[in-house]
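# Report on the structure
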Amino acid sequence: MDLVVEGRAYVRGKLGRWAIGIEDGRIAEISRTIRGGERMDLGDLIILPGAIDPHVHFRDPGMTDKEDFSTGTLAAACGGVTTVLDMPNTLPPSVSTDKLAEKKEAISRKAWVDYGLFGGCIPGARVEQMAPMVVGFKVFMGSSTGRLLVAEDRDLAGIAARVKRTGKVLSVHAEDEGMIRHETGKALADHLRNRPAAAEVSAIRRLSSLDCPINVCHVSSAEGLQALESLSFTTEVTAHHMLLDRDSEGGAYLKVNPPLRTKEDRLALFQAFVSGRIDMLGSDHAPHTIEEKEQEFDVAPSGVPGVETTVPMMLAFMKRGTLPMEVLVSAMAEKPASRFNLNKGRLEVGRDADLMVVDPRAAAPIKVNYLHSKCGWTPFEGREAIFPRMVFVRGELVVEDGEPVGERAGRDVVAAERS
Ligand code: DOR
Ligand code: ZN
C-alpha cells in the first residue's frame, strides 16, 4: 500500500471509522485496519470524496488575465474540488478538434486537480469527431459571455441527434434567447427584468422535445424547477442562485446569467437542493476582473467566481444541520461522477483516491485574501465556510491548510479513460 489514511470516512452512505488503503492513485482497500504502508491517522476528522464541479469557466486560453488553468485549479483544490469540468467559451472557443487540441496544449501541466473539457456545440459543429476529446457537450440557448449561441430549434435538434450518437451528455444553458430583452439597465432588478424566469421555463419546454441525455445547468427559478419536475433531465444549481438575489448588495459584481432572481426563487432553490431534488452542485465559476466589474452596470460582463467557496459554504450548512451529509455528497461527488462517467466521486475500492479531509469545528468567515482565483474578489465575503484541511488527488496530497503542497499532477479525465 502506498498510503493508508484512517479517520471517520463516508463509506456506503454513512460515516464510520475506516482505514483507506491507496495504491497507484486508486482506493485499493477499505477495512477497519490495514497493515503496511505509510499511515496517516486523521483522528476524528471527516474524510469525504473530493468534489467534482461540473461547471467552471477557467478562461485558458485567451483570457488569462481573468483566470488561468493554474490559478483556477488551485482555487478548486483549496475548495475541496478534485475534478473540474471546464466550459468551451474560452478564446478561441472549443468548438472543433483543432481548438480542443490547442486548449489541451495550453493547459497541460498547469492543473492542480483533474479536469475534463466540454465541447462547444454550434450549428455545423463536428460533434462525433470531438467526442473522444471531451467529457460532455455544452450549448447556450441564450446569449452570454462568448459567442456560442444556438437559438433555433432546428439547430438544437441537429446537435442533440449528434450528441446522442456519442453517448455523452449535453449540458445546456437554458434561457430562451427569443425572450431575453436587450434593454439598458442600471441594477440587478433591471437585469432580471431583461432575463425573466419565463425565458428559463420556455427554454426547458423546448428542450423536452429533444432526444439526447440533457443536463440543465444552473436552474435559477421556482418556475424552472417546476417545469423540470416531469422531465428526465439532470439538474445543476449554483451557490449564488441559492444564497443571493436581486436585492443583494453588489451591483454589477453580482450581474450573472441566468440572473439573480427574487428571494422566493432563491429559497425555493435552496429548499429543493437540501431535500435532494436537484442533482448536482456546480459553481459556474465565471471570473471577471475587478476593473471589468467596476464599469457601468450595462457594460460590465456577467459572471461570478465560486469554485473555491461553493463546497466550503455547503459544508458549513451541513455542520449547522441544514443540509444532510448524504445530500451534499451526492450532489457534489456521486451524481457528477455517474452523470459524466468518471471513476471518482465515492470512497469505494477501485475508484480514484480523490479525498477531502474536513474538520467540522473549523468554520470561519470567508475572506478574499485567502482565496486563490486570479480575479481577486468574491460575492461571498464574510459568509461562514469550512475549508478542507487536506485535499488528495489520486492519492497525492495537493493542498494542506489552504495552501498548495506537492506537485501539479492534474490529468485530463478523458485521456485517462482511454489509457
Ligand atoms: O454569467 C455568466 N457568465 N453566464 C454564463 O453563461 C457565462 C459566464 C461566463 O463565462 O462569464
Ligand atoms: Zn457557465
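Above this note sits the structure.
Residues numbered from 1 in each chain as written. Chains lettered and ligands numbered in written order. Predicted model: local features only at pLDDT ≥ 70, side-chain atom pairs only at ≥ 80, totals over all residues. Heavy atoms only, no water.

On to the coordination of the zinc ion (ligand 2). Within the protein, His55 (NE2), His57 (NE2) and Asp284 (OD) serve as the donor atoms for the zinc ion (ligand 2), at 2.0 to 2.1 Å. Taken in sequence order, the residues that donate to the zinc ion (ligand 2) follow the motif H-x1-H-x226-D. When its relative accessible area of 1% is taken as the criterion, His55 is described as buried. Of the residues examined, His57 reaches a relative accessible area of 5% and is grouped as buried. (Donors = N, O, S within 2.8 Å, 3.2 Å for Na, K, Ca; no water. Buried < 20%, exposed > 50% of the residue type's maximum accessible area, 1.4 Å probe, protein only.)

For the structure shown, the criterion picks out 28 salt bridges. Here Arg346 makes a salt bridge to Glu334, at a shortest N to O gap of 3.9 Å. Residue Arg346 is found in the loop between α12 (325-339) and β13 (355-358), and its partner Glu334 is found in helix α12; the two are separated by twelve residues along the sequence. By relative accessible area, Glu334 is classed as buried at 16%. (Salt bridge = Lys/Arg side-chain N within 4 Å of Asp/Glu carboxyl O. Helix = DSSP H or I, 4+ residues; strand = E, 2+ residues; numbered from the N terminus.)

Ranked by internal contacts, the top residues of the largest apolar core, which has 101 residues, are Leu48, Met314 and Met332. Those residues in contact with Met314 that lie beyond four places of it in its chain are Ala239, Met242, Leu243, Phe273, Leu281, Leu323 and Leu328. Of all hydrophobic cores here, the second largest spans 18 residues; its members include Ile27, Leu347, Leu355 and Met390. (Core = buried A, V, L, I, M, F, W, Y, C linked by side-chain atoms within 4.5 Å. Contact = heavy atoms within 4.5 Å.)

This paragraph deals with the site of ligand 1. Neighbouring ligand 1 are 13 residues, the closest being Arg59, Asn89, Ser144, Thr145 and Asn257. His57 is positioned with one of its side-chain polar atoms (N or O) 3.3 Å from an oxygen atom of ligand 1. Within the side chain of Ser144, one N or O atom sits 3.0 Å away from an oxygen atom of ligand 1. Considering ligand 1 on its own, with 290 Å² of exposed area, one finds that the protein chains cover 100% of that surface. Its residues assigned to classes, the shell around ligand 1 shows three nonpolar, nine polar and one charged. (Near = heavy atom within 4 Å. Polar contact = N/O pair within 3.5 Å; in protein donor to acceptor, adjacent residues only side chain to side chain. Areas by Shrake-Rupley, 256 points an atom, 1.4 Å probe, with all protein chains shown as cover. Nonpolar A, V, L, I, M, F, W, Y, C, P; charged D, E, K, R; others polar.)

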